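Residue strings, one per chain:
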Protein chains: 2
Amino acid sequence: MARIVKKFGGTSVGDVDRIRNVASRVKKAVDEGHEVVVVVSAMSGTTNQLVDFCRSAAPMHDAREYDTVVAAGEQITIGLLSICLQEMEVPARSFLGWQVPIRTNDVHSAARIEKIETEKLEECLKGGRVAVVAGFQGIADDGRITTLGRGGSDTSAVALAAALKADQCDIYTDVDGVYTTDPRIVPKARKLDKITYEEMLEMASLGAKVLQTRSVAMAMTHGVRTQVLSSFEDLPGTLVVGEDEIVEQEVVSGIAYSRGEAKITVVGLEDRPGQVSHLFAPLADQNINVDMIVQSASEDGTSTDVTFTVPEDDLRKAVKVLSDRKDELKYRDLVYTGDVVKVSVVGVGMRSHAGVASKMFDTLAEKGINIQVISTSEIKVSVIIDAEYTELAVRALHTAYGLDAPTDA
Amino acid sequence: MARIVKKFGGTSVGDVDRIRNVASRVKKAVDEGHEVVVVVSAMSGTTNQLVDFCRSAAPMHDAREYDTVVAAGEQITIGLLSICLQEMEVPARSFLGWQVPIRTNDVHSAARIEKIETEKLEECLKGGRVAVVAGFQGIADDGRITTLGRGGSDTSAVALAAALKADQCDIYTDVDGVYTTDPRIVPKARKLDKITYEEMLEMASLGAKVLQTRSVAMAMTHGVRTQVLSSFEDLPGTLVVGEDEIVEQEVVSGIAYSRGEAKITVVGLEDRPGQVSHLFAPLADQNINVDMIVQSASEDGTSTDVTFTVPEDDLRKAVKVLSDRKDELKYRDLVYTGDVVKVSVVGVGMRSHAGVASKMFDTLAEKGINIQVISTSEIKVSVIIDAEYTELAVRALHTAYGLDAPTDA
């Protein structure tokens, strides 16, 4: 018997039939003798509708009231799932964030979980019942409803698994696991049986979009074994675990790419101490997240060019911030494009293997792909290239690192 | 400065524009210096949709989970109304049933309010803010959400007005007050400025449908001055008050009618003691509400005929209950019809005036309308007649009791 937290997202609970399907999945685990806590999101579309209501009520709205409105979505799903479970003779009861309670700070719409009191949930599980918990929501010290921000249900699930010392946290999604790369681009992509938290963090934040970065970080901190699997097929997914659980480490686990990038080059910036921080401070003030940064001296030696990437959605804002400060920052020109993509090679094994980066550069060079920016960390190498080379680059790298699935002979 | 509870139903908050309209109404009262508590229902259609979800999840469902699901409707409205008020620079905050808290018993889906703790609301009002409270919902002792049953928001409003010792409770609806009768039948119907609780109870339970019977009873018990008025026009409505507030009492205040009635006659029932209770006990067991009862001896003196009315929705069930027990009850025949209407003359003034009932019978006789069953109380006389005479009867009675509005000369 194991204790398992299972999380189902909005698509998995999109209508009553799908909620019934979720109930069957839960029943199966209960029949196998497991203790089960289910975390659910709002029915797909519901949250968007509620957010639209708030926006049309007032463009700038009180985050506390916004949270009250949008938290209604999960409230509907937990009741319906409990009803479906009971109809299948699986004893179940629903818990809203405040009923658990899941205590958070008071940063409404982006609250952080501070403490989960587990007494009531333990009592529910000990009574042989399934606990159906609303994801995405909690309660602040003043008794008002908070929400954790978009995708917060993954975080709720992992936090509950940690608090309840669950053996595993299953995150059901519309994909059946984590792949070596995007199967839509590389048909030979393989589903990974296991991946480390660190790799998953790089894959997720680089656009693999399977698990919320925040929930992976939490899983890593608390050592929660997390499985990503399909809510529509009954197959094992990908386990996200600590490095110790992975016996033989692949050098490279996957190739990630992210299209939502934009590149800005500040040309002819006066080369004196502190100038770069003057450049980035106003961007940070505007909450623009600067990712990769490369600085190069210009030919005359008195000025420098700085290239960096920002989320494509923030490009206009970033350009405006810098243009407004042209006189103050003293640069010659601003060159920017949204037509780039970030491609990354990820793997904890590269720590102990030399040559991963150079293989990447060689592979791209062979295909005639120009690398515009490079950034590396312990377990990944990322490059910015022209967007039109995305598929070519990802496919070439996937083959170069031996990730292609064996073809049937 | 007065303290006023204002309640807006589902049609009044049917979309964001209408919620904004409600906010303007509230702002007006705040600008006049009043302390305002607003009670709102779910946006029209929302509750029905949530109820449908529950039904399609399981025909018989846990009332606790049902309550969790449907209570989400009001949660959405209170947040949106608070946002709209804030946008108009009216300080406001929302309160869910459990946040007030509004404590109820644990009869889920039909809970009764037991106690309203007013500290937080008082604090909100003293801070110069509008309290926006979710109608229809409360919290049981075990911390689970309860709902008060359909139309429970009226009850929430009156209960809050009583607990907060409010000067008045305004119930905004899609009609602009209580009329002497249905204006769709009698164009000369007049809007009443005032009506007593007792009369309103008779009017409501007889099908006037303006205010929930339960909320009127509560207003009467706690002496809450309650006004019924339009949420779309800015006009005074009808005040529902104690008899002492009405200086000169009309003998008859209104003519009510109710179409949802059915008549059953048990013919040739054996005439012996206890037989009538044997007849009604199984109906009560099935929760069938028997209303008017008339018993008459049959010609041979050894048997009796009993005629009574039930809600038309329960006619089939009632007939089945009695048919199943034909041998046991020993009657000759069962005659029934749903094609009847109950017409009532209501007025507290009739207590001190003789001749109200006979004027009714005379008026109906003059029009050739046959009275099938009669029932009287201190402040009303009701008759059952063929449904096809409804309009004729109501119009004739409205004129006979001098209720017609003066026509423009």
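Because the structure is predicted, anything quoted here is derived from the model rather than measured.

Novice: Just give me the short version of the overall build of chain A, but keep the residues and values in it.
Specialist: Along the backbone of chain A there are 13 helices and 18 strands. Since a compact globule built from 409 residues should have a radius of gyration of about 22 Å, the 24 Å found for chain A is in line with a globular shape. Overall, the C-alpha framework of chain A stretches about 75 × 60 × 35 Å when taken along its three principal axes. Residue pairs at least 24 apart in sequence account for 73% of intrachain contacts in chain A once pairs closer than 6 positions are excluded. Looking at chain A, you have 44 positive and 61 negative side-chain charges, and the mean spots of the two groups are 3 Å apart.

Novice: Any details on the packing of helix H1 (residues 16–31) of chain A against helix H4 (residues 72–87) of chain A? Residues and values, ideally.
Specialist: All names here are of chain A. Packing of H1 against H4 brings their axes to within 9 Å, and their N-to-C directions diverge by 60 degrees. When the axes of H1 and H4 are compared, the pair comes out oblique. The two elements H1 and H4 cross, and the hand of that crossing is right-handed. Listed contacts from H4 to Ile19, Arg20, Val22, Ala23 and Val26 of H1 are Thr77, Leu80, Leu81, Cys84 and Leu85. When its residues are assigned to classes, the contact of H1 with H4 shows eight nonpolar, one polar and one charged.

Novice: Tell me what's going on with the pairing of strand S3 (residues 92–95) of chain B, and back it up with residues and numbers.
Specialist: All names here are of chain B. The alternating pattern of S3 places Ala92 and Ser94 and Arg93 and Phe95 on opposite faces, both of which are buried. Examined bridge by bridge, S3 and strand S6 (residues 130–134) share four bridges and lie parallel to one another. Across the sheet, residue Ser94 finds its bridge partner in S6, namely Val132.

Novice: I'd love a proper account of the interface of chain B and chain A, names of residues and values included.
Specialist: The figure often quoted for interface size is the accessible area lost as the parts come together. Tallying the contact residues gives 39 residues for chain B and 39 residues for chain A. Taking both partners together, chain B and chain A bury about 3,100 Å²; carbon and sulfur atoms supply 63% of that area. Joining chain B to chain A, the criterion identifies zero salt bridges. At the surface where chain B touches chain A, the tally comes to twelve residue pairs in polar contact (both at pLDDT 80 or more). Of all the secondary structure elements, the ones that give two or more residues to the side of chain B that touches chain A are helix H1 (16–31), helix H2 (46–57), helix H3 (63–70), helix H4 (72–87) and S3 of chain B. Top element by residues in the side of chain B that touches chain A is H4(B). It accounts for eleven residues. Looking at the side of chain B that touches chain A residue by residue, the class counts come to 23 nonpolar, ten polar and six charged.

Novice: Quick rundown of the relation of the copies chain B and chain A? Include the residues and the values.
Specialist: Note on the identical chains: chain B maps onto chain A by a rotation of 180 degrees and an axial translation of 0.0 Å, with an RMSD of 0.2 Å. These values place the two chain copies in the arrangement generated by a two-fold rotation axis. Closest approach to the rotation axis among the C-alpha atoms of chain B is made by Ala72(B), whose C-alpha sits 2.4 Å away. Here 100% of the interface residues in chain B have copies in chain A that are interface residues too; the copies meet face to matching face.

Novice: Got a sec to walk through the pattern of salt bridges? Specific residues and values, please.
Specialist: Close approach of charged atoms allows side chains of opposite charge to pair. Counted under the stated rule, the structure contains 42 salt bridges over all chains. Residues Glu35(B) and Arg3(B) are paired through a salt bridge, measuring 2.7 Å at the closest nitrogen-oxygen approach. Remark: Arg3(B) occurs in strand S1 (residues 3–8) and Glu35(B) occurs in strand S2 (residues 35–40); sequence separation between them is 32 residues. Per residue, the accessibility class of Glu35(B) equals that of Arg3(B), and both read buried. When the shortest N-O distance is used, the salt bridge between Asp17(B) and Arg20(B) registers 2.8 Å. Taken together, the residues span about one helical turn, with Asp17(B) and Arg20(B) both in helix H1 at a distance of three residues. Given a relative accessible area of 54%, Asp17(B) falls into the exposed group. In the salt-bridge network here, residues are joined through shared partners; they are Arg3(A), Glu35(A), Glu122(A) and Lys126(A).

Novice: I'd like to hear about the UniProt feature "binding site: substrate" (unreviewed entry) in chain A, residue by residue, with values.
Specialist: Residue and element names in this part refer to chain A. In the numbering used here, UniProt assigns the feature "binding site: substrate" (unreviewed entry) to Thr47 and Glu74. These annotated residues cover 28 residues of sequence, but their C-alpha atoms sit close together, with the largest distance between any two at 8.7 Å. On the secondary structure map, Thr47 appears in helix H2 (residues 46–57). Judged by its relative accessible area of 12%, Thr47 falls in the buried class. Structurally, Glu74 can be placed in helix H4. Not counting the four nearest positions on each side in its chain, Glu74 is found in contact with Val40, Ser41, Ala42, Thr47, Ala134, Gly135, Phe136 and Gln137.

Novice: So, the packing of aromatic side chains: which residues are in play, and what are the values?
Specialist: With the rule as written, the count across this model stands at five aromatic pairs over all chains. Ring centres of Phe8(B) and Tyr172(B) lie 4.2 Å apart, and the angle between their planes is 15 degrees; this geometry places the pair in the stacked category. With Phe8(B) in strand S1 and Tyr172(B) in strand S9 (residues 168–173), this residue pair connects regions lying 164 residues apart in the sequence. Between the aromatic rings of Phe280(B) and Phe308(B), the centroid separation amounts to 5.0 Å while the plane-to-plane angle is 80 degrees, which identifies the pairing as edge-to-face. Remark: Phe308(B) occurs in strand S15 (residues 303–311) and Phe280(B) occurs in helix H9 (residues 275–285); sequence separation between them is 28 residues. Both residues of the pair, Phe280(B) and Phe308(B), belong to the buried class. The ring of Phe95(A) has Arg93(A) lying over it, and the distance from NZ or CZ to the ring centre is 4.0 Å.

Novice: How would you sum up the environment of Ile385(A)? Please name residues and give values.
Specialist: Residue and element names in this part refer to chain A. Along the polypeptide, Ile385 turns up in strand S18 (residues 380–386). Judged by relative accessible area, which is 0%, Ile385 ranks as buried. With residues up to four places along the chain from it excluded, the contact list for Ile385 reads Val340, Val341, Val343, Ile369, Asn370, Ile371, Gln372, Thr390 and Ala393.

Novice: Any chance you could break down unusual backbone geometry for me, citing the residues and the numbers?
Specialist: In the segment running from Val100(A) into Pro101(A), the intervening peptide bond is cis, with an omega of -15 degrees. Located in the positive-phi region is Ser109(B), a residue other than glycine, with phi close to 75 degrees. Residue Phe136(B) is not a glycine yet carries a positive backbone phi of 75 degrees. Locating Phe136(B) in the fold gives a position in the loop between S6 and strand S7 (137–139).

What counts and how
Residues numbered from 1 in each chain as written. Chains lettered and ligands numbered in written order. Predicted model: local features only at pLDDT ≥ 70, side-chain atom pairs only at ≥ 80, totals over all residues. Heavy atoms only, no water. Helix = DSSP H or I, 4+ residues; strand = E, 2+ residues; numbered from the N terminus. Rg over C-alpha atoms; globule rule 2.2 N^0.38 Å. Contact = heavy atoms within 4.5 Å. Lys, Arg positive; Asp, Glu negative; His and termini not counted. Charge placed at Lys NZ, Arg CZ, Asp CG, Glu CD. Axes fitted to C-alpha atoms, helices over the stretch in contact; angles between N-to-C directions. Parallel < 35°, antiparallel > 145°, perpendicular 65-115°, else oblique. Left-handed = near helix turned anticlockwise from the far one by under 90°. Nonpolar A, V, L, I, M, F, W, Y, C, P; charged D, E, K, R; others polar. Buried < 20%, exposed > 50% of the residue type's maximum accessible area, 1.4 Å probe, protein only. Pairing = 2+ DSSP bridges. Buried area = accessible area lost by both parts, 1.4 Å probe. Salt bridge = Lys/Arg side-chain N within 4 Å of Asp/Glu carboxyl O. Polar contact = N/O pair within 3.5 Å; in protein donor to acceptor, adjacent residues only side chain to side chain. Least-squares fit on C-alpha atoms with pLDDT ≥ 70 in both. UniProt positions renumbered as here; feature names shortened; annotations may be inferred. Phe/Tyr/Trp six-rings, centres within 6.5 Å; stacked < 30°, edge-to-face > 60°. Lys NZ or Arg CZ within 6 Å of the ring centre and 35° of its normal.

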